[in-house]
Amino acid sequence: MSKIDQIEGAPARDLANAIRALAMDAVEQAKSGHPGMPMGMADAATVLFSRFLKFDASDPRWPDRDRFVLSAGHGSMLLYALLHLTGYEDVTLDEIKRFRQLGSKTPGHPEYGHTEGVETTTGPLGQGLANAVGMAMAEAHLNARFGDALVNHRTWVICGDGCLMEGVSQEALALAGRQKLNKLVVIWDDNSISIDGAVSLSDITDQKARFAASGWNVLSCNGHDMDDVVRAFEAATKSDKPSFIACKTTIGFGAPKKAGTHKAHGEPLGPEEIAATHAALGWSGAAFEVPDAIRAAWKKVGARGVKERGAWADRLRASEHKAAFRAALDGDNVEAAIDALAQYAAKAATEKPALATRASSGASIEAMFAVLPELVGGSADLTPSNNTLAKGTEDFTPENRGGRYIRYGIREHAMAAAMNGMALHGGVIPYAGTFLTFADYSRPAIRLAALMGVRAIHVMTHDSIGVGEDGPTHQPVEHLAALRAIPNLFVFRPADAVEAAECWQLALLRDNGPSVLALSRQATPALRADASANLSARGAYELLPAEGGESHVALIATGTEVALAVKARELLQAQGIPTRVISAPCFELFDLQDEDYQDEVLGDPSEVRIGVEAAIGQGWYEMFAISDFIGMVEFGASAPAKDVYAHFGITPEAIAEAAKDLLED
């Protein structure tokens, strides 16, 4: 028996056994789930919540709470049991009984925004660990901005072997080690078991050596000895580095036949094994029954932070930073930035610069960066190419936590996941850059941002075969369609400087989901002479009307291909074919417009409609009911951009010929 005999007047081991019992019962009733991890980590989690985690169950959104991330999201009953026992209102006993059922607050994997107390959506392994790195960076940055009195908390993670096998873990741990995020503590459920069986079947990595090599403070403990767990956790809180704790546990702890085996991992234990486990643990009572004394002790644990939260609230009321802090946490302090972008758009409409849209995006960032202190940028080692660094911006480093630019290194996956963590933490608006073709590396995290509905802005340059000489490995062809397929993700592809500023406005105003800005490497002509209204906000709009009669042809294009459509229109108009041009910077916004507006933009169905985009045509026919598509049907080629466009037939002449052929049919 651990020397920690009592917690809040009740036997410490019984508090942990309450977690085990609820996990077993919920999985058994659902006939689905993962009981082994909650049973194995119950002792360590009991120590964490009762001795170390700063939280108040009555106020799940207290800004200065510690963040707890269950990266091993399949063990969700560990988190749900803790939330229920400590008194979070969302997770009642009835919700525990409805584990994995439609509409319950206890879905199979934790979902942010669905259940109070869940800090991030986890399940895809490794994502939570990488999110936590972003949360820790946000905390460090806000601490530098507002001071210890308002921001001074830790980020705790429980991860499993699967999290550490996923490649994103290496990216994330290396980033955290470089940044010396000493308030980040990762607790590894070192149980040596995966779904297939022993971890050694597939992996012999020395995880402790791996973390140590990246600058972490590495500790070990016996996960079933509460005193030893306390020792390790205390050491972690005193480190000047991020801490990794190898917490040795037995999966399915207490189950006589299945403990320590893969049979405890992802299936119900069964009534007989549950009964035998109760006997082995000295736990009595019916299913879902927790003795009153144990419930009372856990409720006291949940109220442990009430006094500290009250003192924090007093400090906030007295703080000179009160207004700025609240504005940062609200996340809607963007009015000045919107105005600055409008001024830049107006200037661009007057001066008509022929710029690559990545350069127009960079100018947009310059215009608004100083008036939006919550904006924190970065790049995956492509800063000069992405144009993501505003002049004079300082880097975020261990020596300068107030810096607003993060050097993520060549770690697109961890970058995107860390951006999610920063957005989830609150107080910052993250954006960062890479090439559009590398969206494949970022995609899992972008998908989760869309699922969670958090604002993360991805600046993705080199958006087409216009990349040119770097060739097909760097020329995105299928990526726009793939990104547009993600629900709740807005993909913006601006045509010129005015549209770039408008798309930035829309991305900033969007606080319920992520955005991608797809931007060109090559220069493109200025097209808009009027920036008095944000026309991109409707998703698609008529840029140029037909002249000389009722329109026969509508050319619908995005990005740099809008300029090609404009030239094709000139060719057709010169031949007496009235033609109009529609710019479509955001499919998702156009899809949200009412039917009357869509009909107004698309015009008469008898009109020939041609879509133009230097990418595959997937999604175009459904969105715009086009007659033909000028774009890509294969991978690109290495050559100067102009030659590549000509080679693949994406030219004004080819567009005009396609329109005439359709008119003749």
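Anything mentioned here points back to the structure above.
Now for a look at the structure at hand. On a predicted model such as this, the values are computed, not experimentally measured, just so you know. (Residues numbered from 1 in each chain as written. Predicted model: local features only at pLDDT ≥ 70, side-chain atom pairs only at ≥ 80, totals over all residues. Heavy atoms only, no water.)

## Topic: the sheet that holds strand 21 (residues 608-612)
Pairing between the strands of a sheet comes from backbone hydrogen bonds, and it takes one of two forms, parallel or antiparallel.
Point 1. Read from one edge of the open sheet, five strands run 18-20-19-21-22, paired in mixed fashion. Either end of the sheet is taken by a strand with one partner, and the two such strands are strand 18 (541-544) and strand 22 (628-630). Neighbour-to-neighbour, the strand axes of this sheet turn through a mean angle of 30°, independent of strand direction.
Point 2. In terms of strand pairing, strand 18 meets strand 20 (residues 579-583) through three bridges, oriented antiparallel. Considered in strand 20, the bridge of E542 is made with I582.
Point 3. Of the strands in this sheet, strand 18, strand 19 (553-557), strand 20 and strand 21 touch helix 21 (residues 561-574), which is tilted by about 175° from strand 20.
Point 4. Running over the sheet, helix 26 (residues 652-664) touches strand 19, strand 21 and strand 22 and is turned about 155° from strand 21. (Pairing = 2+ DSSP bridges. Helix = DSSP H or I, 4+ residues; strand = E, 2+ residues; numbered from the N terminus. Axes fitted to C-alpha atoms, helices over the stretch in contact; angles between N-to-C directions. Contact = heavy atoms within 4.5 Å.)

## Details of a negative patch on the surface
Point 1. Among the surface-exposed residues, D330, D332, E335, D339 and D511 lie close enough to one another that they form a single negatively charged patch.
Point 2. Checked against the element boundaries, D339 lands in helix 14 (residues 335-351). (Patch = residues over 30% accessible without salt bridge, like charges linked within 9 Å, V, L, I, M, F, W, Y side chains within 5 Å. Areas by Shrake-Rupley, 256 points an atom, 1.4 Å probe, with all protein chains shown as cover. Salt bridge = Lys/Arg side-chain N within 4 Å of Asp/Glu carboxyl O. Lys, Arg positive; Asp, Glu negative; His and termini not counted. Charge placed at Lys NZ, Arg CZ, Asp CG, Glu CD.)

## Structural notes on the sheet that holds strand 5 (residues 184-190)
Point 1. With parallel pairing, the five strands of this open sheet are ordered in space as 3-4-5-9-8. Edge strands, defined here as strands with exactly one partner in the open sheet, are strand 3 (67-70) and strand 8 (217-222). Across this sheet, the average inter-strand angle for adjacent strands is 20°, counted without regard to direction.
Point 2. Alignment of strand 8 against strand 9 (residues 243-248), held across six bridges, turns out to be parallel. Each bridged residue has a counterpart across the sheet, and for N217 the counterpart in strand 9 is S243.

## Brief notes about the nonpolar core
Point 1. Residues M77 and W298 are the most contacted members of the largest nonpolar core, which totals 65 residues.
Point 2. Here this core takes 11 residues from helix 1 (residues 12-30), the largest share from any one element.
Point 3. Ignoring any residue separated from it by four or fewer positions in sequence, one finds M77 in contact with L22, A23, A26, V27, P38, I96 and F99.
Point 4. Judged by nonpolar contacts, the second largest core, of 59 residues, contains A313, F396, A432 and A445. (Core = buried A, V, L, I, M, F, W, Y, C linked by side-chain atoms within 4.5 Å. Buried < 20%, exposed > 50% of the residue type's maximum accessible area, 1.4 Å probe, protein only.)

## Brief notes about the pattern of salt bridges
Point 1. One pass over the structure, following the stated rule, counts 27 salt bridges.
Point 2. The residue R13 makes a salt bridge to D43 at a minimum N-O spacing of 3.2 Å. One end of the pair, R13, is in helix 1; the other, D43, is in helix 2 (residues 36-52), and 30 residues separate them in sequence. Each member of the pair, R13 together with D43, is buried.
Point 3. With a shortest N-O distance of 3.8 Å, D90 and K105 are connected by a salt bridge. With D90 in the loop between helix 3 (76-86) and helix 4 (93-97) and K105 in the loop between helix 4 and helix 5 (127-146), this residue pair connects regions lying 15 residues apart in the sequence.
Point 4. K105 gets classed as partly exposed once you look at its relative accessible area, which sits at 27%.
Point 5. Where salt bridges share partners, they join D463, R484, R493, E561 and E613 into one cluster.

## A closer look at helix 23 (residues 595-602)
Point 1. Considered for burial, the residues of helix 23 that qualify are Y597, Q598, V601 and L602. Relative to the axis of helix 23, the buried residues are bounded by an arc of 125° and lie together on one face. Turned more than 90 degrees from where helix 23 packs its buried face, E595, D596 and E600 sit exposed.
Point 2. Looking at the buried positions of helix 23, the neighbouring elements they touch are strand 18, strand 19, strand 20, helix 22 (587-592), strand 21 and helix 24 (620-624).
Point 3. Sitting at the amino-terminal end of helix 23 is D594, which places a side-chain oxygen 3.2 Å from the backbone nitrogen of D596.
Point 4. Just downstream of helix 23 lies G603, where phi reads positive at about 80°. (Arc of directions from axis to C-beta. Polar contact = N/O pair within 3.5 Å; in protein donor to acceptor, adjacent residues only side chain to side chain.)

## Quick look at the packing of aromatic side chains
Aromatic ring pairs are described here by two measures, namely the spacing of the ring centres and the angle between the planes.
Point 1. Using the criterion set out here, one finds 22 aromatic pairs in the structure.
Point 2. Ring centres of F55 and Y88 lie 6.3 Å apart, and the angle between their planes is 5°; on these two criteria the pair is classed as stacked. Here F55 is found in the loop between helix 2 and strand 3, whereas its partner Y88 is found in the loop between helix 3 and helix 4, with 33 residues between them in sequence. Both residues of the pair, F55 and Y88, belong to the buried class.
Point 3. In textbook terms, an aromatic cluster arises when at least three aromatic residues are bridged by ring pairs, as seen for F587, F590, Y597, W620, F624 and F629.
Point 4. Residue placement shows R404 over the ring face of F369; its charged tip is 3.7 Å from the ring centre. (Phe/Tyr/Trp six-rings, centres within 6.5 Å; stacked < 30°, edge-to-face > 60°. Lys NZ or Arg CZ within 6 Å of the ring centre and 35° of its normal.)

## As for the pairing of strand 21
Point 1. Taken across its five residues, strand 21 has five buried, putting it largely inside the fold.
Point 2. Judged by which residues are buried, strand 21 turns out to be covered on both faces: V608, I610 and V612 on one side and R609 and G611 on the other are all buried.
Point 3. Pairing of strand 19 with strand 21, which is carried by five bridges, proceeds in the parallel orientation. When the bridges of strand 21 are listed, A554 appears paired with R609.
Point 4. For strand 21 and strand 22, the ladder comprises three bridges, and the chain directions are parallel.

## Re the side chain of R65
Point 1. With respect to the helices, strands and loops of the structure, R65 is situated in the loop between helix 2 and strand 3.
Point 2. Of the polar contacts made by the side chain of R65, one reaches the backbone oxygen of P60; its length is 3.2 Å.
Point 3. Filtering out sequence-adjacent residues up to four positions away, R65 remains in contact with K54, P60, E119 and H153.

## Concerning helix 11 (residues 292-302)
Point 1. Three or more residues of helix 11 are buried, namely I294, A297, W298, V301 and G302. The arc enclosing the buried residues of helix 11, seen along the axis, measures out at 145°, which places them on a common side. More than 90 degrees from the buried face of helix 11, the exposed residues found are D292 and A293.
Point 2. Its buried side turned inward, helix 11 meets strand 1 (6-7), strand 2 (10-11), helix 1, helix 2 and helix 3.

## Overview of the environment of A336
Point 1. Structurally, A336 is set in helix 14.
Point 2. Through-space distance from the C-alpha of A336 to that of G453 is 24 Å; in sequence the pair is 117 residues apart.

Keep in mind that these numbers describe shape and distance, not what the molecule does.
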